[in-house]
Amino acid sequence: MAALTDAQCLVVKIGSALLVDRGAGGLRQAWLSSLAQDVAWLTTQGVKVVLVSSGSIALGRGILKLSGADLPLEQAQAAAAVGQIRLARAYEEVLAPHGITTGQVLMTLDDSSNRRRYLNSRATLKQLLSMGVVPIVNENDTIATDEIRFGDNDRLAAQIAVTVGADQLVLLSDVDGFYSANPHIDPSAKRFDEIGEITAEIEDMAGDAGSGLSKGGMKTKLMAAKIATAAGCRMAITQGEALNPLRALNEGAAATWFRADTDPQAARKGWIAAMKPKGSVSLDRGALVALRSGKSLLPAGVSDISGSFQRGDPVAITDEAGHTVGHGLVRYTADEALKIKGRKSNEIEAVLGYPARAALIHRDDMALTIQNGD
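Source: prediction; values computed, not measured.

Asks: It is not clear to me how the overall build of the chain should be interpreted in this structure. Could you clarify?
Replies: A count of helical and extended segments in the chain gives 14 helices and 13 strands. For 374 residues, the compact-globule estimate of 2.2 N^0.38 gives 21 Å, and the chain sits close to it at 22 Å. For the C-alpha atoms alone, the extent of the chain along its principal axes is close to 65 × 45 × 40 Å. Counting over 374 residues, the chain shows a buried share of 50%. Within the chain, contacts between residues at least 6 apart in sequence are counted, and of these 73% link residues at least 24 apart. Here the chain displays about 17,000 Å² of accessible surface, and carbon together with sulfur accounts for 48% of that area. With 39 positive and 42 negative side-chain charges, the chain shows a separation of 5 Å between the mean positions of the two kinds.

Asks: Where do I start with the layout of surface pockets in this structure?
Replies: To find leftover empty space, one rolls a probe the size of a water molecule over the atoms. By volume, the largest pocket amounts to about 1,000 Å³. Elements that contribute at least two residues to the lining of the largest pocket include exactly helix H5 (109-113), helix H6 (115-130), helix H7 (153-164), helix H9 (218-230) and helix H11 (264-273). Here the lining of the largest pocket is composed, by residue class, of 15 nonpolar, 10 polar and 11 charged.

Asks: Quick question: what am I supposed to make of the packing of helix H3 (residues 56-63) against helix H4 (residues 73-95) here?
Replies: Helix-helix packing is described using two parameters, namely the angle between the two axes and the distance between the axes. Between H3 and H4, whose axes approach to 6 Å, the crossing angle comes to 100°. The angle between H3 and H4 places the two elements in the roughly perpendicular class. Mapping the contact onto sequence places Ser56, Ile57, Leu59, Gly60, Arg61 and Ile63 in H3 and Ala76, Ala79, Ala80, Val82, Gly83, Gln84, Arg86 and Leu87 in H4. Residues belonging to the contact of H3 with H4 are distributed by class as follows: eight nonpolar, four polar and two charged.

Asks: Before we go on, may I ask you to explain the side chain of Ser173 in this structure?
Replies: Tracing the sequence through the fold places Ser173 in strand E5 (residues 168-173). For Ser173, a relative accessible area of 5% corresponds to the buried category. Not counting residues up to four positions away in its chain, the partners in contact with Ser173 are Leu18, Lys221, Ile237, Thr238, Gln239, Gly240 and Glu241.

Asks: What exactly am I supposed to notice about the pairing of strand E4 (residues 134-139) here?
Replies: Working note: regular strand, side chains alternate between the two faces of the sheet. Of all six residues in E4, six are buried; the element is thus mostly enclosed. Where strand E2 (residues 48-53) and E4 come together, two bridges link them in parallel fashion. Bridge assignment links Val52 to a residue of E4, and that residue is Val137. The pairing of strand E3 (residues 102-107) with E4 spans six bridges and is parallel. If you follow Gln104 over to E4, its bridge partner there is Ile136.

Asks: Explanation requested: the environment of Ser173 in the structure shown.
Replies: Ser173 sits 63 residues away from Ala236 along the chain, and the two C-alpha atoms are 9.9 Å apart. A distance of 3.4 Å separates a polar atom in the side chain of Ser173 from the backbone nitrogen of Val175.

Asks: What is the right way to look at the state of the cysteines in this model?
Replies: Counted by the stated rule, this structure contains zero disulfides. Looking at the unpaired Cys9, the closest cysteine sulfur is the one in Cys233, lying at 8.3 Å.

Asks: Mind showing me how you'd approach H6 here?
Replies: For an α-helix, 3.6 residues make a turn, and residues three or four places apart therefore share a direction. Taking 1.5 Å as the rise per residue, H6 with 16 residues should run 22 Å; its terminal C-alpha atoms sit 22 Å apart, in good agreement. Buried residues of H6: Tyr118, Leu119, Ser121, Arg122, Leu125, Leu128 and Leu129, and no others. Phi turns positive one or two residues past the end of H6, at Gly132, with a value near 80°.

Asks: For this particular structure, what's the right way to read the sheet that holds strand E8 (residues 255-258)?
Replies: Sheet strands pair via backbone hydrogen bonds, and the direction of the pair is either parallel or antiparallel. The strand order across the open sheet built from eight strands is E3-E4-E2-E1-E5-E7-E8-E6, with neighbouring strands paired in mixed fashion. Unpaired on one side and paired on the other, E3 and strand E6 (194-195) mark the two borders of the sheet. This element, H9, spans E5, strand E7 (234-239) and E8 of the sheet and lies at about 150° to E7.

Asks: What is the right way to look at the pattern of salt bridges in this model?
Replies: Oppositely charged side chains may form a pair once their charged atoms are brought near each other. Evaluated as defined, the whole model comprises 11 salt bridges. Two residues, Arg122 and Asp365, come together in a salt bridge whose shortest N-O distance is 3.8 Å. One end of the pair, Arg122, is in helix H6; the other, Asp365, is in the loop between helix H14 (348-352) and strand E13 (366-368), with 243 residues separating them in the sequence. In terms of burial, Arg122 and Asp365 fall into one category: buried.

Asks: It is not clear to me how unusual backbone geometry should be interpreted in this structure. Could you clarify?
Replies: Leaving glycine out, the prevailing phi sign among residues is negative, and the prevailing peptide bond configuration is trans. Located in the positive-phi region is Lys65, a residue other than glycine, with phi close to 55°. Here Lys65 shows up in the loop between H3 and H4. Backbone geometry places Asn244, a non-glycine residue, at a positive phi of 50°. By secondary structure assignment, the location of Asn244 is in the loop between E7 and helix H10 (245-250).

Parameters at a glance
Residues numbered from 1 in each chain as written. Predicted model: local features only at pLDDT ≥ 70, side-chain atom pairs only at ≥ 80, totals over all residues. Heavy atoms only, no water. Helix = DSSP H or I, 4+ residues; strand = E, 2+ residues; numbered from the N terminus. Rg over C-alpha atoms; globule rule 2.2 N^0.38 Å. Buried < 20%, exposed > 50% of the residue type's maximum accessible area, 1.4 Å probe, protein only. Contact = heavy atoms within 4.5 Å. Areas by Shrake-Rupley, 256 points an atom, 1.4 Å probe, with all protein chains shown as cover. Lys, Arg positive; Asp, Glu negative; His and termini not counted. Charge placed at Lys NZ, Arg CZ, Asp CG, Glu CD. 1 Å grid on protein atoms, 1.4 Å probe; cavity = no way out; pocket = protein on both sides within 12 Å on 5 of 7 lines; lining within 4 Å. Points joined across faces, edges and corners; volume = space filled by probe spheres on them. Nonpolar A, V, L, I, M, F, W, Y, C, P; charged D, E, K, R; others polar. Axes fitted to C-alpha atoms, helices over the stretch in contact; angles between N-to-C directions. Parallel < 35°, antiparallel > 145°, perpendicular 65-115°, else oblique. Pairing = 2+ DSSP bridges. Polar contact = N/O pair within 3.5 Å; in protein donor to acceptor, adjacent residues only side chain to side chain. Disulfide = S-S within 2.5 Å. Expected span 1.5 Å × (residues − 1). Salt bridge = Lys/Arg side-chain N within 4 Å of Asp/Glu carboxyl O.

Quick look at the structure:
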């Protein structure tokens, strides 16, 4: 079983049913404070933490006194607008006493499916984590319609785990793991301690129903597990209703862990290497040496550009003889890259007329076939 303290980056999904009191419609303040204690403890262990939280609509509908099981879209979005402020403030208030700064990040499906938005989201989240901030991520329910919704925060959490390169994802749920059948109905249902592969048989065991305030059932959790583990991120489903749920999980509380057979970095590199390039960038010898030592590709080391590509597109990286030495996701369009090739980083703004990123291809967005010393 994985220890949370072993993680470099941990994403935790919190559902509405855990966060919001179903009767009163307000926050479960004692529970939220205990979660903040867990987050603070993990950060002292060197773990970077991202929280993916539901609850904005559930909180907002209580404040606005909206009734009914399913709100019309306009009312749900209005509730989200009111609830998002309350939710962000609640996390800020419970984490600030521990010396933790929080940042709110609102996402829609468009932000992950559009490569340019994905790279922007990734850059922002990675920067926040590097500064010691705990991002609070939620689906942007104030603007999301069915066409651009994740539909549940289980899959959103998995996508965030992929985006930040997390090595562990925890779904805090109303059940203590994945069962062979619904344990509330079938007393003979068995909980799996670990699942190495999500087979058709495993999928057949999943039901649809979520609890009263949550939209995700076990099927959405399996979808999340597929997304996360394919990216090298282990995932756990565990009971979240008790106080200090993360510390309890670390100390051996009942859970189901979905195993990942690779690590996030290797999975990402494999994904980039498998993409069909839309152009190429040629490097001089100095840039090639820099890449071998783990550096990002700067415009100064680029001798030529070919193809037609947009920011975020995959490109081949070649040496002066035209041999492919790797692949990467480029941070400039082909036209921009042509203008700044061979230029120093401090010249980019003057050439383009606006401030831009120093790297043409960041080392995290690069899969090389050359080896150190080659």
